[in-house]
Amino acid sequence: MKVTLNWLREFVAIELSLDRLADRLALAGLEVDGIHEQGAAPITVAQIVRIDPHPQSDHLTVCQVTTGGEMMPVVCGASNMQVDDKVALAPEGATLPGGQQVERVEIRGQLSCGMLCSERELGLSDDHRGLLILAKDAPLGEALYAILGLRDTILDVAITPNRGDCLSVLGLAREISALTDVPLHAAKPRVRQSGVTIHNQARVSITDADLCPRYAARVVTGVKVSPSPAWMKWRLEAAGVRALNNVVDVTNYVMLERGQPLHAFDLPSLAGQEINVRRARDITTMLTLDGKERTLAPDDLLICDRDGAVAVAGVMGGANSEVRDQTTEILLESAYFIPETVRRTARRLGLRSEASYRFERGVDPLGAVLAADRAASLLHQLAGGKVSQGLIDVFPQPLSPTVIPLRAQRVNSFLGVTVEASEIEQRMRILGAKVKRGRSGTWDVTPPSYRADLQQEADLIEEVARLRGYETIPEVLPRTEVHEKTRDIDGSWGQRVRSCLAAQGLHEMLNLSFTSTRLNTLIPGLIPEAIAIPLVNPLSAEGAEMRLSVLGGLLRALQLNIRQGEAGITAFELGKTFFFEKGRTNIDQRRERLVLAAVLYGTWPSVGLGLSGKAVDFADLKGLVEAVGQELGCAHLMRWERATDSSFLHPGKSAHIFIEQQSVGVAGALHPDHALALDISETPWVFELDFATLLHYARPVTQYQALPRFPTVVRDVAIVADKELLVQSVIDAVQTLAHPLIESMRLFDRYQGSQIPPDKQSLAYSISYRTADRTLTTGEVSEAHARVIAHLVQTLGVEVRA
């Protein structure tokens, strides 16, 4: 926010230097982004002695001007001046507020020794229709900005979103008063009232008081719309607000001064001369001041007359009730709108104004009447208006003040310094709060109505620190007790698994925990009959629920990468899922689960020049799951079984993963229908593991064993079995034999062809035999191998091939 120093000084005496003031505000959380001197240009008062037409131009004149000494020629393009007028002269060498350098030049053969200036060239307003004509008694040769009272300094202060009370000159003056312990001068506006009573001229009602707790109004008649005086234009322009006319400028001036946005209605334009504040409901469109047709939502708050909408509350007025040059009767609106309704409407309509900016951050609900009185007083002074007797103030639901308990012990504990109880109480009173003493070192504090950010004890403690100065808090290391390091088991294993998968060539992704209802339905996760947790106020339909599956976010990211032309995606994520169990949907019954998921799509990166990458397949997926198991030390416990009941996996290309009898996850190809629904052309291979359950089987300590001293003896066995027999079933059958000489077993060949019946398959395994205390004899190995073969024939009904 931009504010002039002289304007601030009308409310508080500023004894600090500008640099010190800026430092003090910055340390209190209000950083001064810039300090700009205005009115320093050497512009002087000059008088026009003679005006001659330019011999080489039909639109230029040559003016002979004087500042009290010799005359000088100035070529001018304006036409609104006369002989003897007092004007603003920028002499040779002057730099105008806009940065323009004035030089001694010849313009079409005529010498020009300066520039006669318009308001825009002087930085007073955007008006450049003609020269600024000064009063007849303006002293010749004097500095223009000094005699107009416009020599000033502009402070550009960054206001944080929670400090809406500082979006005004009065608000900043309050801060400076509190920070420097200097009295604040904020006199109550005086209004000269005359004529008829306001209740005979206008009526105000509030239908939806939950969105508009207060609406105050004054009526001013006999108004003459005209340009504002230079001092008001100057202050508005210095604050970044364009001057329009005295009526509109007064509402903007009071908004900048007191932080309360106002709106002026042309009273005769209000049907029935009545105001009703209500939701739009059946009103679907309205034409705003900027000439645009706006589409309204049923919950938008409107200011209406008898026939329809005349303003979008807190955002922008309507074109049908705006102040015009012919306006003579005005209704002044000064209201308090709930910040959320203004923010929602302004954002949806794409309308951001100085008024909505303040309403969104919260204005003072008790300041509405004072602002209306101040504006009415200024309209009387600057527009010749007569303020009708009385005030309309509809306040059906007065806001209850917040009472906050404050404890001295808590203040000292939070700040780490000792602050005397008397100082704490003094700081609260300086803020404008009402303080009621309780037991020793305690108070009940009622913050002022303009400090909506003070809601709890911690806020008051922060104010004590701010007003004392953060620099008064010593920089010391906090005292703490040192304990033996505790191990984050989940975090440690998680980091190991992340490193493992990254080493396998996968990229880690981090997705939001919010997802759409559609994606939760497509990919319901690992928990049977889990119920999704909906969000109360989702930002969009794509984030309406908490995710049931980590895999869903990976597939959405895969979809995005495919659209960007990526040919191969290998990614994983370790994160939480959130759900209700069936029949337990209270918010305190929500559950979380740590889940590891991965997706493989397309091809692996190429491994050499001119070579293409290998296409991903189920073997890659199974290898990744086993690598995770190896990292956790539980790969030997994993058992794979064909899955036919997974809703999101291909029924013929998927598997359940078990440890003992506990399901720890699923792996396989994404169901074709789901891939089509997600617009994924090729089949992705995916797995999702219940990481929390896996950790129950993880080995916290790595176990090492000595290298074998005696050789392994390897024997092969080939069997013919039914086509439906699972490869794992043969290995499981051998493991149930629990023979002490069997060290390991692996499949090395699977065959179906002309030499095998169509309903059969040939499986060939290598079995390793070894013992730790001796070299096995041929007889021992042959006996053990014969037992294995006999066991397979007996339990599985297979045929052994020669």
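As a starting point, this report considers the structure included with it.

1. Digging into the overall build of the chain
When helices and strands are tallied, the chain shows 21 helices and 40 strands. Expected size for 802 residues packed as a compact globule is a radius of gyration near 28 Å; at 41 Å, the chain overshoots this value by more than 25%. For the chain, buried positions account for 49% of its 802 residues. In the chain, once contacts between residues fewer than 6 apart in sequence are set aside, the share between residues at least 24 apart is 69%. As displayed, the chain has an accessible area near 40,100 Å², and 49% of this comes from carbon and sulfur atoms. Once the 83 positive and 97 negative side-chain charges of the chain are each reduced to a mean point, those two points are 3 Å apart.

2. Observations regarding the sheet that holds strand β37 (residues 713-722)
Sheet architecture is open: four strands sit in the order β38-β39-β37-β40, paired in antiparallel fashion. Two strands lie at the open edges of the sheet, namely β38 (742-751) and β40 (799-800), each paired on one side alone. Of the pairings in the sheet, the one linking β38 to strand β39 (residues 760-769) comprises eight bridges and is antiparallel in character. Each bridged residue has a counterpart across the sheet, and for R746 the counterpart in β39 is S766. Relative to β37, helix α21 (residues 778-796) is tilted by about 15°, and along the sheet it contacts β37, β38, β39 and β40.

3. Side note on the layout of surface pockets
Approximately 1,300 Å³ is the volume found for the largest pocket. Mapped by element, the contributors of at least two residues to the lining of the largest pocket are α17 (618-632), β33 (638-642), β34 (649-659), α20 (727-737) and β38. The element best represented in the lining of the largest pocket is β38, accounting for seven residues. Here the lining of the largest pocket is built from residues that sort into 16 nonpolar, nine polar and 12 charged. The calculated volume of the second largest pocket comes to roughly 860 Å³.

4. Re the side chain of S112
By the element assignment, S112 lies in strand β8 (residues 110-112). Here the side chain of S112 touches G114 through a polar contact of 3.2 Å, landing on its backbone oxygen. Those residues in contact with S112 that lie beyond four places of it in its chain are P73, V74, V75, E103, R104, V105 and I107.

5. Observations regarding the packing of helix α12 (residues 421-430) against helix α13 (residues 457-468)
Between α12 and α13, the least distance of the axes is 10 Å, while the angle of their chain directions is 95°. One element, α12, and the other, α13, form an angle in the roughly perpendicular class. Across the interface between the two elements, E423, I424, R427 and M428 from α12 touch L460, E463, V464, L467 and R468 from α13.

6. Quick word on empty space enclosed by the protein
One pass over the full model with this rule turns up two cavities of 30 Å³ or more. By volume, the largest cavity is sized at about 70 Å³. Around the largest cavity, the lining residues are N511, L512, F514, T515, L519, N520, I523, R547, S549, G552, G553 and R556. Contributions of two or more residues to the lining of the largest cavity are made by β29 (514-515), α15 (517-522) and α16 (550-563). If you tally residues by element for the lining of the largest cavity, the top one is α16, at three residues. A class-by-class count of the residues in the lining of the largest cavity yields four nonpolar, six polar and two charged. In this model, the second largest cavity occupies a volume close to 30 Å³. Lining the second largest cavity we find L526, I527, L548, T577, R593, V595 and D690. Considered class by class, the residues forming the lining of the second largest cavity number four nonpolar, one polar and two charged.

7. Some points on the packing of aromatic side chains
Across all of its chains, the model carries six aromatic pairs by this definition. The interplanar angle of 85° and the centroid separation of 5.6 Å between the aromatic rings of W231 and Y253 together place this pair among those described as edge-to-face. One end of the pair, W231, is in helix α6 (residues 230-238); the other, Y253, is in helix α7 (residues 246-258), and 22 residues separate them in sequence. Three or more aromatic residues link up through ring pairs in this structure, and these residues are W7, W231 and Y253. Positioned above the aromatic ring of W640, the side-chain terminus of K622 is 5.2 Å from the ring centre.

8. Structural notes on the sheet that holds strand β31 (residues 568-579)
Two pairing modes exist for strands in a sheet, parallel and antiparallel, and in both the strands are linked by backbone hydrogen bonds. Pairing is mixed across the open sheet formed by seven strands, whose spatial order is β28-β31-β32-β36-β35-β34-β33. Edge positions in the open sheet fall to β28 (507-508) and β33, since each of these has one partner strand only. Two strands pair when backbone bridges link them, and β28 and β31 are joined in this way by two bridges, in the parallel orientation. When the sheet's bridge partners are listed, E508 is paired in β31 with F572. Along the sheet, α16 makes contact with β31, β32 (591-602), β35 (662-670) and β36 (685-690), crossing β32 at roughly 30°.

9. As for α12
Those residues of α12 that sit buried are E423, I424, E425, R427 and M428. Contact partners of the buried residues in α12: β25 (404-407), α11 (408-415), β26 (434-437), β27 (442-446) and α13. Backbone geometry just downstream of α12 places G432 in the positive-phi region, at approximately 95°.

10. Examining the nonpolar core
L8 and L406 are the most contacted members of the largest nonpolar core, which has 74 residues in total. Element by element, the count of residues in this core is highest for helix α5 (residues 169-180), at seven residues. If sequence neighbours within four positions are ignored, L406 has contacts with V411, I424, M428, G441, T442, W443, V445, E457, L460 and I461. Among the nonpolar cores identified, the runner-up in size contains 41 residues, and I198, I206, I283 and L302 belong to it.

11. Side note on the packing of α6 against α7
The N-to-C vectors of α6 and α7 enclose an angle of 55°; their axes lie 10 Å apart at closest approach. Relative to α7, the element α6 is oriented oblique. Every pair of crossing elements has a handedness; the one defined by α6 and α7 is left-handed. Of the residues in α7, those in contact with W231, M232, R235 and L236 of α6 are D249, V250, N252, Y253 and L256. Of the residues that constitute the contact of α6 with α7, the class distribution is six nonpolar, one polar and two charged.

12. Some points on the environment of T341
Inspection of the secondary structure assignment puts T341 in helix α8 (residues 339-349). Ignoring sequence-local partners within four residues, the contact set of T341 consists of L211, D299 and L301.

13. Side note on the environment of P396
For P396, the location among the structural elements is in the loop between β24 (392-394) and β25. Judged by relative accessible area, P396 falls into the partly exposed class, the value being 46%. On a C-alpha basis, the gap between P396 and A209 in space is 7.1 Å, while along the polypeptide they are 187 residues apart. If sequence neighbours within four positions are ignored, P396 has contacts with I206, A209 and P213.

So, how was this worked out
- Residues numbered from 1 in each chain as written.
- Predicted model: local features only at pLDDT ≥ 70, side-chain atom pairs only at ≥ 80, totals over all residues.
- Heavy atoms only, no water.
- Helix = DSSP H or I, 4+ residues; strand = E, 2+ residues; numbered from the N terminus.
- Rg over C-alpha atoms; globule rule 2.2 N^0.38 Å.
- Buried < 20%, exposed > 50% of the residue type's maximum accessible area, 1.4 Å probe, protein only.
- Contact = heavy atoms within 4.5 Å.
- Areas by Shrake-Rupley, 256 points an atom, 1.4 Å probe, with all protein chains shown as cover.
- Lys, Arg positive; Asp, Glu negative; His and termini not counted.
- Charge placed at Lys NZ, Arg CZ, Asp CG, Glu CD.
- Pairing = 2+ DSSP bridges.
- Axes fitted to C-alpha atoms, helices over the stretch in contact; angles between N-to-C directions.
- 1 Å grid on protein atoms, 1.4 Å probe; cavity = no way out; pocket = protein on both sides within 12 Å on 5 of 7 lines; lining within 4 Å.
- Points joined across faces, edges and corners; volume = space filled by probe spheres on them.
- Nonpolar A, V, L, I, M, F, W, Y, C, P; charged D, E, K, R; others polar.
- Polar contact = N/O pair within 3.5 Å; in protein donor to acceptor, adjacent residues only side chain to side chain.
- Parallel < 35°, antiparallel > 145°, perpendicular 65-115°, else oblique.
- Phe/Tyr/Trp six-rings, centres within 6.5 Å; stacked < 30°, edge-to-face > 60°.
- Lys NZ or Arg CZ within 6 Å of the ring centre and 35° of its normal.
- Core = buried A, V, L, I, M, F, W, Y, C linked by side-chain atoms within 4.5 Å.
- Left-handed = near helix turned anticlockwise from the far one by under 90°.

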